[in-house]
Amino acid sequence: MAWEFDVLNWIQEHIRNGFLDTIFPWITFLGNGGWFWIVLTLVGFIPKTTRKYAFISAFALICCLVLGNLILKPGIARIRPFDIQTGIQLLIEKPHDYSFPSGHTQASFATATAIFFRDKRWGAGALVLAGLIAFSRMYLFVHYPTDILAGVLFGVVYAFIGKLIVEAIYKKKGLA
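Trainee: Help me understand the overall build of the protein, please; the structure alone is not making it clear to me.
Mentor: From N to C terminus, the protein includes eight helices and zero strands. Taken against the 2.2 N^0.38 rule, which gives 16 Å for 176 residues, the C-alpha radius of gyration of the protein at 17 Å falls within 12% of a compact globule. Taking the principal axes of the C-alpha coordinates as reference, the protein spans close to 60 × 35 × 25 Å. The buried share of the protein, taken over its 176 residues, is 45%.

Right under this line is the structure:
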């Protein structure tokens, strides 16, 4: 765990500044409760051309909620970095759940990956935003790097599994 604090402290010492202190709380807000990604998913159900990818995203987001937030977080019960290294001034309200995996990161990469399946250009933009949200969690000192890496991995894997399931259902129903 020492290397993880080295990374977090390096961010605090070399990257943190007044401008980013204003920007990153707003960026992290987009991931709060997955609301931004949920809205994108719901909007994706409207046009028929994006509905399949909205189903993929919805599946992945449900996996993030159930497996990540309801099973892994309380099961692993990893204490957040600000609870161990208490001298950091937090720029957001303290999260009250556990640290591993990052829910913000899971949801962001789950939906961004589903968008990428549909449209590489929009998906690339969504993945950049997902990366910014993920980084914001370390910048704000509320997650360890491995929380973020796990969130990326789980979000992408859930989207890939969702893609396989949704495509199989579409094929079986003749929806292509």
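Trainee: Would you explain helix α8 (residues 145-172) in this entry?
Mentor: Taking 1.5 Å of rise per residue, 28 residues should cover 40 Å, and α8 covers 41 Å from first to last C-alpha, within 8% of that figure. Contact partners of the buried residues in α8: α1 (2-14), α4 (48-76), α6 (103-118) and α7 (120-139).

Trainee: How should a nonpolar patch on the surface be read in this particular structure?
Mentor: A cluster of nonpolar side chains, contributed by Trp26, Phe29, Trp35, Val39, Val43 and Ile46, occupies part of the molecular surface with about 640 Å² of accessible area. Elements with a contribution of two residues or more to the nonpolar patch: α2 (18-29) and α3 (35-44). No other element matches the three residues that α3 contributes to the nonpolar patch. Here tryptophan 35 is to be found in helix α3.

Trainee: When you look at the nonpolar core in this model, what are you seeing that I'm missing?
Mentor: Buried together is how nonpolar side chains tend to be arranged in soluble globular proteins. The biggest cluster of nonpolar side chains holds 27 residues, and the ones touching the most others in it are Leu8, Trp37, Ile133, Tyr139 and Phe141. Breaking this core down by element, the ones donating at least two residues are α1, α2, α6 and α7. Examining the composition of this core, we find that seven residues originate from one element, α7, more than from any other.

Trainee: Explain the pattern of salt bridges here, please?
Mentor: Where charged atoms of side chains with opposite charge meet at close range, the side chains can pair. Under the criterion given, the structure shown has six salt bridges. Measuring nitrogen to oxygen at the nearest pair gives 2.6 Å for the salt bridge that ties glutamate 4 to arginine 78. Here the residue glutamate 4 occupies a position in helix α1, and arginine 78 occupies one in the loop between α4 and α5 (81-84), the gap between them amounting to 74 residues. Judged by its relative accessible area of 4%, glutamate 4 falls in the buried class. Its salt-bridge partner being aspartate 21, residue arginine 16 comes within 3.0 Å of it at the nearest N-O pair. Among the ionic contacts, a cluster of salt bridges with common partners joins Glu4, Arg78 and Asp147.

Trainee: Mind showing me how you'd approach the packing of α4 against α6 here?
Mentor: A pair of packed helices is characterised by two quantities: the angle between their axes and the separation of those axes. Running from N to C, α4 and α6 cross one another at 160°; their axes reach a closest spacing of 9 Å. In terms of orientation, α4 lies roughly antiparallel with respect to α6. The two elements α4 and α6 cross, and the hand of that crossing is right-handed. Contact residues: α4 offers Thr49, Thr50, Tyr53, Ile56, Ser57, Ala60, Leu61, Cys64, Gly68, Asn69 and Lys73, while α6 offers Gly103, Gln106, Ala107, Ala110, Thr111, Ala114, Phe117 and Arg118. Residue classes in the contact of α4 with α6 are distributed as nine nonpolar, eight polar and two charged.

Trainee: Teacher, can you tell me more about the packing of aromatic side chains here?
Mentor: Centre distance and the angle of the planes are the two values used to describe a pair of aromatic rings. Under the definition given, this model contains twelve aromatic pairs. An angle of 75° between the planes, with centres 6.4 Å apart, marks the rings of tryptophan 26 and phenylalanine 29 as edge-to-face. Of this pair, tryptophan 26 and phenylalanine 29 both sit in helix α2, three residues apart, which is roughly one turn of the helix. Residue phenylalanine 29 is classed as partly exposed on the basis of its relative accessible area, which comes to 39%. Each ring, one from phenylalanine 36 and one from tryptophan 37, has its centre 5.1 Å from the other, and the planes form 85°; the classification is edge-to-face. On the basis of relative accessibility, which here comes to 1%, the residue tryptophan 37 falls in the buried class. One aromatic cluster in this structure is built from Trp26, Phe29, Trp35, Phe36 and Trp37. Over the aromatic face of tyrosine 144 sits the side chain of arginine 78, whose NZ or CZ is 3.9 Å from the ring centroid. A cation sits over an aromatic face here: lysine 163 above phenylalanine 117, 5.3 Å from the ring centre.

Conventions used here
- Residues numbered from 1 in each chain as written.
- Predicted model: local features only at pLDDT ≥ 70, side-chain atom pairs only at ≥ 80, totals over all residues.
- Heavy atoms only, no water.
- Helix = DSSP H or I, 4+ residues; strand = E, 2+ residues; numbered from the N terminus.
- Rg over C-alpha atoms; globule rule 2.2 N^0.38 Å.
- Buried < 20%, exposed > 50% of the residue type's maximum accessible area, 1.4 Å probe, protein only.
- Expected span 1.5 Å × (residues − 1).
- Contact = heavy atoms within 4.5 Å.
- Patch = residues over 30% accessible without salt bridge, like charges linked within 9 Å, V, L, I, M, F, W, Y side chains within 5 Å.
- Areas by Shrake-Rupley, 256 points an atom, 1.4 Å probe, with all protein chains shown as cover.
- Salt bridge = Lys/Arg side-chain N within 4 Å of Asp/Glu carboxyl O.
- Core = buried A, V, L, I, M, F, W, Y, C linked by side-chain atoms within 4.5 Å.
- Axes fitted to C-alpha atoms, helices over the stretch in contact; angles between N-to-C directions.
- Parallel < 35°, antiparallel > 145°, perpendicular 65-115°, else oblique.
- Left-handed = near helix turned anticlockwise from the far one by under 90°.
- Nonpolar A, V, L, I, M, F, W, Y, C, P; charged D, E, K, R; others polar.
- Phe/Tyr/Trp six-rings, centres within 6.5 Å; stacked < 30°, edge-to-face > 60°.
- Lys NZ or Arg CZ within 6 Å of the ring centre and 35° of its normal.

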